[in-house]
Amino acid sequence: MNGTRPADIVLRPATGPDAVSIAKVMRAALGSFDWMPVIHTPDEDLAFIRDVVLPRQQVTVTEAGEDIVGFIAVSGEWVEQLYLDPARTGQGIGSWLLTDATAALSVVKLHCFQANTGARRFYERHGFIAEGFGDGTKNEEGLPDILYVRRR
């Protein structure tokens, strides 16, 4: 991101009423990958965000005007979710979210699907190292994944 924040973007803590918009961003991001199986309905996505993510994780959203265009959810040293509106990738928003949400953490861990080459490049640019490779038996999508870890 080169230290430049997108001019039209605001970061703020997520609130309960954000659940619908957050679920839509997650679905749009997941739907942009031709290799990603669709295993949940929009209602299930919303229930997951509303009943699991928002109450149990620290969630930060990015807004452009009135629209939520991205979010990150952190639990302890784990980045559990990081999704952007596909139209807003490559603008530094993901970098800003990741940097802001993990600044105080000496160790940060996350899982990324092996097929997600763009996310892999993104995390490696941010100092994450692949420390484990899974065959997909431990995630509900059944897709091979990578355990990434960043230590400071």
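In this text the structure is predicted, and so the values were computed from the model without any measurement.

Colleague: Provide a residue-level description of the packing of helix α1 (residues 19-31) against helix α2 (residues 42-56), including the pertinent values.
Modeller: Running from amino to carboxyl end, α1 crosses α2 at an angle of 115°, the nearest separation of the two axes being 8 Å. The element α1 and its partner α2 pack so that their crossing is right-handed. Side by side, α1 and α2 meet where Ala19, Val20, Ile22, Ala23, Met26 and Arg27 of the first sit next to Asp45, Leu46, Phe48, Ile49, Arg50 and Leu54 of the second. Of the residues contributing to the contact of α1 with α2, the split by class is nine nonpolar, no polar and three charged.

Colleague: Run through the pattern of salt bridges, naming residues and quoting values.
Modeller: Note that side chains of opposite charge can pair when their charged atoms are close. Evaluation of the coordinates by the stated rule reveals six salt bridges. Where Asp18 meets Arg12, a salt bridge forms, and the shortest distance between an N and an O atom there is 2.8 Å. A relative accessible area of 7% places Asp18 in the buried class. Look at Arg12 and you get partly exposed, because its relative accessible area is 21%. For Glu131, the salt bridge is made with Arg151, and the minimal N-O distance between the two is 2.4 Å.

Cut-offs and rules
- Residues numbered from 1 in each chain as written.
- Predicted model: local features only at pLDDT ≥ 70, side-chain atom pairs only at ≥ 80, totals over all residues.
- Heavy atoms only, no water.
- Axes fitted to C-alpha atoms, helices over the stretch in contact; angles between N-to-C directions.
- Helix = DSSP H or I, 4+ residues; strand = E, 2+ residues; numbered from the N terminus.
- Left-handed = near helix turned anticlockwise from the far one by under 90°.
- Contact = heavy atoms within 4.5 Å.
- Nonpolar A, V, L, I, M, F, W, Y, C, P; charged D, E, K, R; others polar.
- Salt bridge = Lys/Arg side-chain N within 4 Å of Asp/Glu carboxyl O.
- Buried < 20%, exposed > 50% of the residue type's maximum accessible area, 1.4 Å probe, protein only.

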